[in-house]
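Structural features, examined
If you want the building blocks of each chain, they are given just below.
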Amino acid sequence: MSIQRIVDRILVGVILLALWQLTSLWIGFYWVSSPLQVAQRMVAWLSDGTLFTESGYTIGSALIGFTLGAVPGAVIPFLLRRRPVLAAILDPYLVAGYATPKLALTPLLIVWFGIGIWSKVALVASISFFLIFFNTQAGVRGISPQLIRMAEILGARETKVARLVVWPAALPYILAGVRVSLPFSISGTAIAEMLSANHGLGYLIQASAVSFDPTGSFTAIITLTAILTIVNILVNRSERRIFNWRPAAAAFGRPKGALG
Amino acid sequence: MTPATSEPQTPLLAVRGLGKQFEARDGRKSESWVLRDLSMAVVDGEFVTLVGPSGAGKSTLLNMIAQVDTPSAGEIMLRGQTLATGEHNKLNPGWNRQIGYVTQDDNLLPWRTLIDNVLFPFEVYGGVDAAAREKAEALMNAVGLTGFEHYHPHELSGGMRKRAALIRTLVYDPPVILMDEPFGAVDAQTRLQLQNDLLSLWRLGRKTIVFVTHDIGEAIALGDRVLVLSRAPAKIIGEHPIKIPRPRKIEDVFSLPEFPTLYATIRAQVG
Ligand SMILES: Nc1ncnc2c1ncn2[C@@H]1O[C@H](COP(=O)(O)OP(=O)(O)O)[C@@H](O)[C@H]1O
Ligand SMILES: [Mg+2]
């Protein structure tokens, strides 16, 4: 990136912050807080550990739920690959499960699992299971039958075919599912925390808002945004590393290096 | 020990009365036969080439011999053992690595480097040891791929990928190797190079090869014997022993005095 580009970007950022500061001077800190107040609160909550504790709840619930959903979501399509009849029987139920708006289940999940992390874990697991399942299944079904046939002729039996041909061929699809569902797991957790919780960044956003503390809400939202940004960067990095064999033009998803 | 007599050698690979009908979309057998009553035999160490017009059923025949497709009639035998018949045909691709198959598409695994593609047959069966590596490296060297071991298929030319696909089959030594127009989609220069490479590799290994092509010149230049396949329903309609001494150089074969006559005879049969 050129120096000029960096300078321009910083300039835009400064202007946006200045507009926010002006807005708050105009209609009152009481409603929209201000960049300075948020910065002060950020320092305070970082030094007393509030942000670490509450982020820990959110990230922890999201990761546990994501794992509980993603692992079976990635494994089951492999098991169904050689069982087309079973796959056909289950298909409408899986499609229905995918279509169900999972966030709408949150109140029930809270009734069943309580207001602690487990209702969030259950929500996130149900979200990531279906996202990963359908992505993985698309990958497993899309694999070239010729490649499988070739491996079989070379002596590969079922487990080797699955491990050495189907898995690497489906991996880009699985990772596409991860790219969508991992950030969604974190924001989903935060939304569930807003509905009912006593910890987490979502709780912090909600609790601050209802006690007329927009500074607190903004501080938690900015923290959440930072976490999501980091997660996105990590997912893209690992994807690039895993797929360094791909021709650039055929790279999966967004064009690589387009921002460089 | 049987004394050497004029008794014909028992074939390594034999096909008898083979027929194939594909299923129509509604699941019933369609009326027309792609192959019908096709018989052929190949002896150990022989390089047989099979020519036939496009769409004749050449790939279908190889698929059935390789055990990736089932015959509708007839019998396929390897060393006197029945692999498949029209009635009993449970597929066993490659027949426990006894039958290698170099397909028209290279079918290299795009996420694997060239050397890992060539080692793939060991990885799926038996494991990669020092001997396997040595063998893979020797073959890569023999076809001029040394230095490209760690490239991915998409980074290489079509000719290089064909070579890699070829040695991926040679590396694990299947006694019978089927080749389906393996040098189809490459330019003439590369093609000549590949054909010469194949002949020199074959001279070292002396595998039994069934090589399918629609290029009559190629069939003559490579084979010990050229079999001619008719249009559908395909059967063998001609057999031409090629007496050109080995070792051969492909470009020299084309300028031999007997070549034009041979070419014209086969050409007339292919129709
Ligand atoms: N899976 C299939 N289903 C139906 N018809 C097929 C199938 N595969 C091949 N055929 C038909 O069989 C004939 C022979 O095909 P093929 O063996 O590929 O010919 P060749 O390799 O000699 O060009 C063609 O007419 C083709 O349409
Ligand atoms: Mg063909």
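Parameters at a glance
- All chains use their own residue numbering, which begins from 1 and follows the written sequence.
- As they are written, the chains are lettered A onward and the ligands numbered 1 onward, keeping that order.
- In keeping with the predicted nature of the model, local features appear solely for residues at pLDDT of at least 70, side-chain atom pairs appear and are counted solely at 80 or more, and the whole-chain, interface and lining totals rest on all residues.
- Hydrogens and water molecules were not included; the side-chain quantities draw on all heavy atoms of the structure.
- Secondary structure follows DSSP: runs of H or I at least 4 residues long count as helices, runs of E at least 2 residues long count as strands, and numbering of each begins at the N terminus.
- Exposed residues in this analysis have more than 50% of their type's maximum accessible area, buried residues have under 20%, and partly exposed residues fall in between, with area computed by a 1.4 Å probe over protein chains only.
- Surface exposure here means Shrake-Rupley accessible area, sampled with a 1.4 Å probe, where a residue is shielded only by the protein chains that are shown.
- Each radius of gyration reported is based on C-alpha atoms, and the globular scaling rule is 2.2 Å times the count of residues to the power 0.38.
- Note on charges: Lys and Arg go in the positive column, Asp and Glu in the negative column, and His and the chain ends are not counted at all.
- The atoms used to mark charge sites are NZ of Lys, CZ of Arg, CG of Asp and CD of Glu.
- For this analysis, a salt bridge means a side-chain nitrogen from Lys or Arg found within 4 Å of a carboxyl oxygen belonging to Asp or Glu.
- Domains are outlined according to an automatic or database domain assignment.
- Working rule for contacts: check all heavy atoms of both residues, and any pair within 4.5 Å makes them a contact.
- Here's the idea: put two parts together, see how much 1.4 Å probe accessible area each one loses, and the total over both is what we call buried area.
- Between N or O atoms, a polar contact is any pair within 3.5 Å; within protein, one atom must be a potential hydrogen donor and the other a potential acceptor, and residues adjacent in sequence are included only when both atoms are from side chains.
- Here the nonpolar group is Ala, Val, Leu, Ile, Met, Phe, Trp, Tyr, Cys and Pro; Asp, Glu, Lys and Arg are the charged ones; every other residue, Gly included, is treated as polar.
- One heavy atom suffices: a residue is near a molecule or strand as soon as one of its heavy atoms comes within 4 Å of it.
- To form a nonpolar core, buried Ala, Val, Leu, Ile, Met, Phe, Trp, Tyr and Cys residues must be joined to one another through side-chain atoms within 4.5 Å.
- Throughout, the arc means that of the directions going from the helix axis to the C-beta atoms.

Attention now goes to the overall build of chain A. A count of helical and extended segments in chain A gives 11 helices and 0 strands. Counted from the first residue to the last, chain A has its helices and strands arranged as α-α-α-α-α-α-α-α-α-α-α. Each principal axis of the C-alpha atoms in chain A carries an extent, and together these give about 75 × 55 × 30 Å. Out of the 260 residues belonging to chain A, those deemed buried represent 43%. Of the roughly 14,000 Å² that chain A leaves accessible, carbon and sulfur atoms contribute 72%.

Broken down by element type, chain B carries 9 helices and 10 strands. Its C-alpha atoms give chain B a radius of gyration of 19 Å, near enough to 18 Å, the size a compact globule of 271 residues would have. Just so you have it, chain B exposes about 12,300 Å², and 51% of that area is on carbon and sulfur atoms. Averaging the locations of the 29 positively and 31 negatively charged side chains of chain B gives two centres separated by 3 Å.

Our focus in this paragraph is the pattern of salt bridges. Residue and element names in this part refer to chain B. With the rule as written, the count across this model stands at 17 salt bridges over all chains. Between R112 and E123 there is a salt bridge; the shortest N-O distance is 3.0 Å. With R112 in the loop between β6 (99–102) and α2 (114–118) and E123 in helix α3 (residues 120–124), this pair connects stretches of sequence that are 11 residues apart. Here R112 falls in the buried class, since its relative accessible area comes to 9%.

All right, on to the domain arrangement of chain A then. Residue and element names in this part refer to chain A. Structurally, chain A comprises domain 1 (1–31) and domain 2 (33–252). Domain 1 and domain 2 are separated by 32 Å when their C-alpha centres are compared. Taken together, the contact between domain 1 and domain 2 spans 7 residues of the former and 10 residues of the latter. Taken as a group, W20, F29 and Y30 account for 65% of the area that domain 1 buries against domain 2, more than any other trio of residues on that side. At the surface where domain 1 touches domain 2, the tally comes to 0 salt bridges. In this structure, the connection of domain 1 to domain 2 is made through 2 residue pairs in polar contact (both at pLDDT 80 or more). Elements with a contribution of two residues or more to the side of domain 1 that touches domain 2: α1 (3–27) and α2 (29–32). Ranked by the residues each element gives to the side of domain 1 that touches domain 2, the list is headed by α1, at 4 residues. In terms of residue class, the side of domain 1 that touches domain 2 is built from 5 nonpolar, 2 polar and no charged.

All names here are of chain B. Around ligand 1, a shell composed of F22, V34, P53, S54, G55, A56, G57, K58, S59 and T60 is seen. G55 is positioned with one of its backbone polar atoms (N or O) 2.7 Å from an oxygen atom of ligand 1. One of the side-chain N or O atoms of T60 is found 2.5 Å from an oxygen atom in ligand 1. Relative to its free-state accessible area of 560 Å², ligand 1 is covered by the protein chains to the extent of 54%. For the shell around ligand 1, the residue count by class is 4 nonpolar, 5 polar and 1 charged.

Next up on the list: the nonpolar core. Among the nonpolar cores identified, the biggest contains 127 residues, and A:V165, B:M40, B:F120, B:I167, B:L178 and B:I220 are the most heavily contacted of them. Element by element, the count of residues in this core is highest for helix α9 (residues 158–195) of chain A, at 13 residues. Setting aside residues no more than four positions away along its own chain, A:V165 makes contact with A:I143, A:L147, A:I148, A:A151, A:K160, B:L109, B:W111 and B:F120. With 7 residues, the next largest nonpolar core counts A:L94, A:F129, A:F130 and A:F134 among its residues.

With that settled, the discussion passes to helix α6 (residues 106–113) of chain A. Residues and elements named next belong to chain A. When we look at burial in α6, the residues that qualify are T106, L109 and I110. Projected down its long axis, α6 carries its buried residues within an arc of 100°, all on one side. Counted as exposed and oriented over 90 degrees from the buried face of α6: V111 and W112. Buried residues along α6 sit against α7 (117–142) and α9.

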